[in-house]
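Coordinate inspection notes
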Amino acid sequence: ETGVTQTPRHLVMGMTNKKSLKCEQHLGHNAMYWYKQSAKKPLELMFVYSLEERVENNSVPSRFSPECPNSSHLFLHLHTLQPEDSALYLCASSQEYSPYNEQFFGPGTRLTVL
Amino acid sequence: AQSVAQPEDQVNVAEGNPLTVKCTYSVSGNPYLFWYVQYPNRGLQFLLKYITGDNLVKGSYGFEAEFNKSQTSFHLKKPSALVSDSALYFCAVRDSTNAGKSTFGDGTTLTVKP
């Protein structure tokens, strides 16, 4: 596979469930990102990892927990979510965590919280 | 602080006509500007970027954008629109003082009618 892949593509979960989103990049990049995209709202940056260390945490509730075990993989662990957390969750990567590098996005995971 | 504005939620053009999607920005340091396109049920796809140098940058699929420092704008243009250009377009800015953190506009939906 090439580019940035995300699994699952669709996820429906109850408020008491625990689930994880997975992202994998096949581009040899050093930085990875999680974004939340809701209807009628701009993209919200959630977390950034550079060389497997978290460098940005944008006041995200603790019910979202990221994990970056290596430079190719990024996870978002979900627990006790709220209906307002329903959104498209996008993973992205870039060559470096720098102002110059464009980001490559995965197709997203469409999350619905019941 | 950095911010970006896309003043039009929707742009409609006829196929074969030129198109413009507007973007203005605000940064403390030097701006690094990006355009992305999102097709339905897909992640964002990089189109072009301005880092330094020539104010007119050319990108994928015949798109170009002009950096205007005095007007703090970075409008996306294409001389002749195609129906297949219909999508959601995002402008993004990074500040030279803010590492790799991107701020995205709200997005502009472009509809090209045959």
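Here, every reference points to the structure presented above.
Quick summary incoming for the structure in this document. (Residues numbered from 1 in each chain as written. Chains lettered and ligands numbered in written order. Predicted model: local features only at pLDDT ≥ 70, side-chain atom pairs only at ≥ 80, totals over all residues. Heavy atoms only, no water.)

So, on to the overall build of chain B. Secondary structure summary: chain B contains zero helices and 12 strands in total. Reading chain B from its N terminus to its C terminus gives the helix and strand order β-β-β-β-β-β-β-β-β-β-β-β. For 114 residues, the compact-globule estimate of 2.2 N^0.38 gives 13 Å, and the C-alpha radius of gyration of chain B, at 14 Å, lies within 12% of that figure. Along the three orthogonal principal directions, the C-alpha set of chain B runs to about 45 × 30 × 20 Å. When the accessible surface of chain B is summed, it comes to about 5,300 Å², and 47% of that surface belongs to carbon and sulfur atoms. Where the 10 positive side-chain charges of chain B centre and where its 9 negative ones centre are 4 Å apart. (Helix = DSSP H or I, 4+ residues; strand = E, 2+ residues; numbered from the N terminus. Rg over C-alpha atoms; globule rule 2.2 N^0.38 Å. Areas by Shrake-Rupley, 256 points an atom, 1.4 Å probe, with all protein chains shown as cover. Lys, Arg positive; Asp, Glu negative; His and termini not counted. Charge placed at Lys NZ, Arg CZ, Asp CG, Glu CD.)

This brings us to the interface of chain B and chain A. In this assembly, 23 residues from chain B lie in contact with 21 residues from chain A. Interface area for chain B against chain A, summed over the two sides, is near 1,700 Å², with a carbon-plus-sulfur share of 54%. Inspection of the chain B/chain A interface yields one salt bridge. With its nearest N and O atoms 2.7 Å apart, the salt bridge here joins B:Lys49 to A:Glu102. In this structure, the connection of chain B to chain A is made through nine residue pairs in polar contact (both at pLDDT 80 or more). Among the secondary structure elements, those contributing two or more residues to the side of chain B that touches chain A are β5 (31-38), β6 (44-50) and β10 (87-95) of chain B. In the side of chain B that touches chain A, the residues fall into 10 nonpolar, seven polar and six charged. (Contact = heavy atoms within 4.5 Å. Buried area = accessible area lost by both parts, 1.4 Å probe. Salt bridge = Lys/Arg side-chain N within 4 Å of Asp/Glu carboxyl O. Polar contact = N/O pair within 3.5 Å; in protein donor to acceptor, adjacent residues only side chain to side chain. Nonpolar A, V, L, I, M, F, W, Y, C, P; charged D, E, K, R; others polar.)

Take B:Asp85: it is sitting in the loop between β9 (73-78) and β10. With a relative accessible area of 3%, B:Asp85 lands in the buried category. (Buried < 20%, exposed > 50% of the residue type's maximum accessible area, 1.4 Å probe, protein only.)

So, on to the state of the cysteines. By definition, a disulfide links two cysteine residues through a covalent bond between their sulfur atoms. All chains considered together, the criterion is met by two disulfides over all chains. Residue A:Cys23 pairs covalently with A:Cys91 via a disulfide, S to S 1.9 Å. Torsion about the S-S bond of the A:Cys23 and A:Cys91 cystine: about -70 degrees, corresponding to left-handed handedness. Of this pair, A:Cys23 sits in strand β3 (residues 18-25) while A:Cys91 is found in strand β9 (residues 87-94), placing the two residues 68 residues apart along the sequence. With relative accessibility at 0%, the residue A:Cys91 sits in the buried group. The disulfide bridge from B:Cys23 ends at B:Cys91, spanning 2.0 Å between sulfur atoms. Disulfide B:Cys23-B:Cys91: the torsion about the S-S bond is -60 degrees, which places it as left-handed. With B:Cys23 in the loop between β3 (19-21) and β4 (24-26) and B:Cys91 in strand β10, this residue pair connects regions lying 68 residues apart in the sequence. The class of B:Cys23 is buried, set by a relative accessible area of 0%. (Disulfide = S-S within 2.5 Å.)

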